[in-house]
Amino acid sequence: MVVIQWIINNILTQAAILISLIAMLGLILQGKKMGAVISGTLKTLLGFEVLSAGSTIIQQSLAYFAVIFQHGFHTKGIVPSIEAINGQAMNKLGLGNSIALTLLGIFIVNIIIARFTKWKYVFLTGQALLWMATMTVIGGHFAGLKGFPLILMGSIIGGIFAIAMPALAQPIVRKITGSNAIALGHFCTIGYLVEAGVAWLVRDRKVDQHVTNIKERTDSWEHVKLPKSMSFLQDNSLSIMVVMVPLYIITAAFAGPYWSIKAAGGAAGGVNYIIYAFLQAIQFTVGVYVMLSGVRLMLGEIVPAFRGIAMKVVPNSVPALDCPVLFPYSPNAVIIGFVTTTIGTVIGMFLSPLVGLAVILPGMTTNFFAGGTAGIFGNAIGGKRGAIIGGIAHGLFITLLPALLVGALSSVGFVNATATDVDTITAALLYLWVIAPAFHAFG
């Protein structure tokens, strides 16, 4: 058990190490020379760490933005946090071992299904698997399951989600990437499909009937035509700056100097609060640039290396990777998705109490990563119109679903708590609304 716990804590939940080892295994199975194995493994590790560094920069900037947004526009409510739920489950309920073993079980079930069925997706986003394990164990615990049945049920349900979500998203991912080389391994996929569905309903049918490849979509955000005086905005980094700088500065102006400086946590020093907001917007842009560089470096190694896994272990398998791997394919849509999802979450925040639900505050990190990915889906299916309307619908969805979970979790002792990733929320609601009542009725 100690060895298994060590493997889980130090490998399966450490995405950089897990993906690097997968790359190494793939290269070894292809019979590559030692130098090529070492090079491919280290470049995969480096690429993922660059991606993570960019994500960290973005998250730090968004943490500041979330504070000034709340105080600038006087919003109050629950901030979704799967990390907080995980902490309570492990420390207060003593479910740490069950969560760890369920995480391992989910990965094993995923491999088994991929090996023996037509769904060949291997889910490699370790942190997402941890959150799925957390929610299935909590649900199973309050359904009355203990020990091995608790772990087995969580492993099966989590493993099905780990194979089903990439499979459901893959037809659209193929449109986005133009190939079947990678899949999406992110447990916000139901939200992405909601946006894609709305985008399909509102799409321009005159454009859509002529589209055979996503690059041909003339109404895509990636084909926006600008006058020569604004041609500099064709540079993705500059276009991101043009959107984010006003957003940060206006929000800081509403928040005022006190909260803007307090949100900085002392990092602002003697810098004017408006100037600091400007610099944070630039930091956000830097984070996106670094993250995309890491994505390109990682994909350049992991995709060829994965051929070894596909040939030997799980024939024809496809690696399901975290959502930023899609960002380089449609960077303009990422920003549109972030902005429109944020609008949708604000609408949802005001709508929730009107329908008797808890008030969920917009989570800026989720809005960027999940909203940006959803924007890519909306743009791929419905162009500019689909990305905008679908993005607002996505924001509503990822606000109302966590609000539903608040009530379900409060009934089992979690006060003012909810999660973010909508697939894990769906799994938890499946337990709390279906499995638990059935277990109590027949158990």
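Residues numbered from 1 in each chain as written. Predicted model: local features only at pLDDT ≥ 70, side-chain atom pairs only at ≥ 80, totals over all residues. Heavy atoms only, no water.

Comments concerning the overall build of the protein
Assigned secondary structure in the protein consists of 14 helices and 3 strands. A compact globule built from 443 residues should have a C-alpha radius of gyration of about 22 Å, and the protein, at 22 Å, falls within 12% of that. With respect to the principal axes defined by its C-alpha atoms, the protein has extents near 60 × 55 × 50 Å. Looking at the protein as a whole, 52% of its 443 residues qualify as buried. Sequence separation of at least 24 residues holds for 81% of the intrachain contacts in the protein that already meet a minimum separation of 6. When the accessible surface of the protein is split by element, carbon and sulfur atoms take 67% of a total near 18,800 Å². (Helix = DSSP H or I, 4+ residues; strand = E, 2+ residues; numbered from the N terminus. Rg over C-alpha atoms; globule rule 2.2 N^0.38 Å. Buried < 20%, exposed > 50% of the residue type's maximum accessible area, 1.4 Å probe, protein only. Contact = heavy atoms within 4.5 Å. Areas by Shrake-Rupley, 256 points an atom, 1.4 Å probe, with all protein chains shown as cover.)

Remarks on the side chain of Ser-20
Relative to the helices and strands, Ser-20 is located in helix H2 (residues 15–29). Under the relative-accessibility criterion, Ser-20 is labelled buried at 5%. At a separation of 3.4 Å, a polar atom in the side chain of Ser-20 contacts the main-chain amide nitrogen of Leu-45. Residues contacting Ser-20, with those up to four places away along its chain left out, are Thr-41, Thr-44 and Leu-45. (Polar contact = N/O pair within 3.5 Å; in protein donor to acceptor, adjacent residues only side chain to side chain.)

A short note on the packing of aromatic side chains
Summed over all chains, the structure comprises 13 aromatic pairs. Aromatic side chains Phe-65 and Tyr-248 sit 4.8 Å apart centroid to centroid with 35 degrees between the ring planes, which places their arrangement in the tilted category. Taken together, the positions of Phe-65 in helix H3 (residues 34–72) and Tyr-248 in helix H10 (residues 236–264) put the pair 183 residues apart, joining distant regions of the chain. In this pair, the class of Phe-65 matches that of Tyr-248, namely buried. (Phe/Tyr/Trp six-rings, centres within 6.5 Å; stacked < 30°, edge-to-face > 60°.)

Details of the packing of helix H5 (residues 96–116) against helix H6 (residues 126–143)
Where H5 contacts H6, the axes come no closer than 8 Å and their chain directions differ by 120 degrees. As the angle between them shows, H5 and H6 are arranged oblique. For the pair H5 and H6, the sense of crossing is right-handed. Note on element contacts: H6 touches H5 through Gly-126, Leu-129, Leu-130, Met-132, Ala-133, Thr-134, Thr-136 and Val-137, opposite Ser-98, Ile-99, Thr-102, Leu-103, Ile-106 and Phe-107. (Axes fitted to C-alpha atoms, helices over the stretch in contact; angles between N-to-C directions. Parallel < 35°, antiparallel > 145°, perpendicular 65-115°, else oblique. Left-handed = near helix turned anticlockwise from the far one by under 90°.)

Topic: helix H7 (residues 147–177)
The first and last C-alpha atoms of H7 sit 42 Å apart over 31 residues, in line with the 45 Å expected at 1.5 Å per residue. A bend of about 50 degrees at Gln-170 is the largest found in H7, and the proline Pro-171 appears one to four places after it. Positive phi appears at Gly-178, one or two residues downstream of H7, with a value of about 80 degrees. (Expected span 1.5 Å × (residues − 1). Bend = angle between axes of the 7 residues up to and from the residue.)

Section: the sheet that holds strand E1 (residues 121–123)
Strand order in the open sheet formed by 3 strands is E1-E3-E2, with parallel pairing between adjacent strands. Only two strands of the sheet have a single partner each, and these edge strands are E1 and strand E2 (183–184). Relative to strand E3 (residues 318–321), E2 runs parallel, the two sharing 2 bridges. Within E3, the position partnered with Leu-184 by the bridge is Leu-321. (Pairing = 2+ DSSP bridges.)

Re the side chain of Thr-134
The residue Thr-134 is located in helix H6 in this model. Taking the relative accessible area as the measure of exposure, Thr-134 reaches 0% and is therefore buried.

A few points about unusual backbone geometry
Non-glycine residue Asn-316 carries a positive phi angle of around 65 degrees. The topology assignment puts Asn-316 in the loop between helix H11 (273–312) and E3. Judged by relative accessible area, which is 63%, Asn-316 ranks as exposed.

Observations regarding the environment of Ile-85
Summarising the element assignment, Ile-85 is placed in helix H4 (residues 82–91). Here the alpha-carbon distance between Ile-85 and Ala-277, two residues 192 residues apart in the chain, equals 31 Å. In contact with Ile-85, not counting residues within four places along its chain, are Thr-134, Met-135, Ile-138, Leu-409, Phe-414, Ala-417, Thr-418 and Ala-419.

Observations regarding the nonpolar core
The biggest cluster of nonpolar side chains holds 111 residues, and the ones touching the most others in it are Phe-368, Phe-377 and Leu-405. Broken down by element, the residue count for this core peaks at 15 residues, all from H11. In contact with Phe-368, not counting residues within four places along its chain, are Ile-58, Leu-62, Phe-284, Val-288, Met-291, Phe-327, Val-334, Ile-335, Phe-338 and Thr-373. Among the nonpolar cores identified, the runner-up in size contains 10 residues, and Val-109, Ile-113, Ala-114 and Tyr-121 belong to it. (Core = buried A, V, L, I, M, F, W, Y, C linked by side-chain atoms within 4.5 Å.)

Quick word on the state of the cysteines
All told, the structure shown has 0 disulfides when counted by the stated rule. Distance from the sulfur of Cys-188, which forms no disulfide, to the nearest cysteine sulfur (Cys-323) is 7.1 Å. By relative accessible area, which is 1% here, Cys-323 ends up buried. (Disulfide = S-S within 2.5 Å.)

Section: the packing of H7 against helix H8 (residues 189–202)
Look at H7 against H8: their axes get within 10 Å of each other, and the N-to-C directions meet at 30 degrees. Of the possible angle classes, the one that applies to H7 and H8 is roughly parallel. As for how H7 packs across H8, the hand of that crossing is left-handed. Contacts from Met-165, Leu-168, Ala-169 and Ile-172 in H7 reach Thr-189, Ile-190, Leu-193 and Ala-196 in H8. Partitioning the contact of H7 with H8 into residue classes produces 7 nonpolar, 1 polar and no charged. (Nonpolar A, V, L, I, M, F, W, Y, C, P; charged D, E, K, R; others polar.)

As for the environment of Phe-65
In this structure Phe-65 comes out as buried when scored by relative accessible area, which is 2%. Phe-65 has contacts with Leu-247, Tyr-248, Thr-251 and Met-364, leaving out every residue within four places of it along the chain.

With respect to the environment of Ser-411
Along the polypeptide, Ser-411 turns up in the loop between helix H13 (364–410) and helix H14 (422–442). Since its relative accessible area comes to 60%, Ser-411 is described here as exposed. Taking the C-alpha atoms as reference, Ser-411 lies 51 Å from Ile-38; in sequence the two are 373 residues apart.

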